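# Remarks on the overall topology
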Amino acid sequence: MINKPFNISKQSVWEAYKKVKSNKGGAGVDGVTIEQFELNLKDNLYKIWNRLSSGSYFPPPVRRVEIPKSDGKIRPLGIPTVADRIAQMVVKNQLEPELEKVFHKDSYGYRPKKSAKQALTKARKHCWRNDWILDLDIKGFFDNINHELMMKAVEKHTKDKWVLLYIKRWLEAEVKMPDKTIVKSDKGTPQGGVISPLLANLFLHYAFDKWMERKFPTIPFERYADDSVCHCKTESEAQILKVALEQRMKEVQLELHPKKTKIVYCKDSDRTETYPNIQFDFLGYTFRPRKSKNRYGKYFINFTPAISNKAMKRITSVMRGWKVQNRSDKSLEDLAYMFNRQIRGWINYYSYFYKSALYPLFQHLDERISWWATRKFKRLRGHKARAREWIREIAQREPNLFPHWKLLYASYLVKQ
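These lines cover the structure that appears in this document, whether it is placed above or below. (Residues numbered from 1 in each chain as written. Predicted model: local features only at pLDDT ≥ 70, side-chain atom pairs only at ≥ 80, totals over all residues. Heavy atoms only, no water.)

## So, the sheet that holds strand β4 (residues 175–176)
Cut-off, in case you're wondering: Here a strand pair is declared whenever DSSP counts at least two bridges between the two strands. Here a helix means four or more residues in a row that DSSP labels H or I, a strand means two or more in a row labelled E, and each is numbered from the N terminus.
The mixed open sheet is built from four strands, whose spatial order is β2-β1-β4-β5. Edge positions in the open sheet fall to β2 (74–79) and β5 (182–183), since each of these has one partner strand only. Relative to β4, strand β1 (residues 62–68) runs parallel, the two sharing two bridges. In the strand pairing of β4, R63 is matched with K176.

Written out as structure tokens, the structure is:
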């Protein structure tokens, strides 16, 4: 048996493969999908293990994909090959348990047993207890992480030479741009890589979390990857923190976005000050003053989250893309089968707070289903109102056909 420089088990590669498969994802620069990789699975996994163990593994270029953002700009994603994702997962599985021991309790992004809903819940409670927040946005965070500082942080938590070797190689991996040109990487870690979220959390653990503990221990915060909210007692405290964080980001070679970083007043019934900013977005929700009803039936103004307009527009765009009205060859059951998984995902996430904000969204969907009905059934052609009533009647008989019907027609169904 030939001794390898690095003691990496074949089982660790197998476990990494299973995780990569469950996460799905597209092909990298080699064009190989997970299904194609599995056609010669045993040999492909052996090659990854052999190269990792011998120190001869070098990552291929990352395929750059540009995703349009709502503000007209693009979000660059880096898609590694399937084999490279497996290799990254081997290293992630080795390093993550050690980092989890030290990560901050209010860091929620891409961590085991942590979620966006937990971050939102904590943010809501802190907004009720503190009048002001500093909404942070780091400009181009993933593209601007300093490699030297990143490696110093990794070295604090592992002595495994192979982990350090391969993380350095992934940080320096070339990028294949959409125009086929190859670009060398001297900073940043590509969004889309398996190891990138863990490295991003580690970088901000020292750049932000630990720094906040030292410099501003009384100011609570929630951080989800590079998206952070800090809760202050006064406007002046928020301003002092903002100036200090601008300097801190310069020290770690990052920059707070000058327009997106802002101070917000958490206005509710008990807070009477006026301020130009009284809302902010966090994890797909907009926090702002909203009319609420207490258990005694009395209305009051509550600073609370609901689905953001940006998320509403994105979901509406997806619904338009379904072109439900043009699918007259399909039955209502067919439509439910095609779209329920996505509808259920939206409801599970965005109905967690202030679910009534979702009503217009799903009324829009039912309007499209009504439009579909007027094209499919002769008796409903030219009768949109009758088609809407037909939808409500079916919702009464079969409330589980679409996930949003119980939410949208809850009071209607109770009356029946």
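## Observations concerning the nonpolar core
Spelled out, the test is: Take the buried residues of types Ala, Val, Leu, Ile, Met, Phe, Trp, Tyr and Cys, join any two whose side-chain atoms come within 4.5 Å, and each joined set is a nonpolar core. Any residue under 20% of the maximum accessible area for its type is buried, any over 50% is exposed, and the rest in between are partly exposed; the area is computed with a 1.4 Å probe on protein chains only. Contacts are assigned to residue pairs with any non-hydrogen atoms lying within 4.5 Å of each other.
Counting residues in hydrophobic clusters, the biggest one holds 67 residues, and the most contacted among them are I86 and L241. The element that contributes the greatest number of residues to this core is helix α9 (residues 196–215), accounting for ten residues. With sequence-adjacent residues up to four places away left out, I86 is seen in contact with V13, A16, Y17, V20, F37, L45 and I48. Y108, M319, F339 and L365 belong to the second-largest nonpolar core, a separate cluster that totals 53 residues.

## A few points about the pattern of salt bridges
Opposite charge on two side chains permits them to pair, given that their charged atoms come into close proximity. Spelled out, the test is: Salt bridges are defined by distance alone: a side-chain nitrogen of Lys or Arg within 4 Å of a carboxyl oxygen of Asp or Glu.
What the rule picks out here adds up to 16 salt bridges. With a closest N to O distance of 3.4 Å, E15 and K18 form a salt bridge. Placement of the pair is E15 and K18 together in helix α1 (residues 10–23), with a separation of three residues, close to one helical turn. Three or more residues joined by partner-sharing salt bridges are found here, namely K105, D106 and K122.

## What about the layout of surface pockets?
Stated precisely, the cut-off is as follows: Only protein atoms enter the 1 Å grid, on which a cavity is a set of points fitting a 1.4 Å probe that cannot get out and a pocket is an open set with protein on both sides within 12 Å along at least 5 of 7 lines, lining residues being those with an atom within 4 Å of a point. Grid points are joined across faces, edges and corners, and a volume is the space filled by probe spheres set on the points. Residues are grouped as follows: Ala, Val, Leu, Ile, Met, Phe, Trp, Tyr, Cys and Pro are nonpolar; Asp, Glu, Lys and Arg are charged; all remaining types, including Gly, are polar.
Looking at the second largest pocket, its volume works out to about 240 Å³. Forming the boundary of the second largest pocket are 19 residues, of which R64, D143, V175, S185 and K187 lie nearest the centre. For the lining of the second largest pocket, the secondary-structure elements that each account for two or more residues are β1, β2 and α6 (141–144). Its residues assigned to classes, the lining of the second largest pocket shows eight nonpolar, five polar and six charged.

## Digging into empty space enclosed by the protein
All told, the structure shown has two cavities of 30 Å³ or more when counted by the stated rule. The computed volume of the largest cavity comes to approximately 70 Å³. Lining the largest cavity we find V62, P80, Q88, W170, L171, A173, T189, P190, G193, I195, S196 and L199. For the lining of the largest cavity, the secondary-structure elements that each account for two or more residues are α8 (161–171) and α9.

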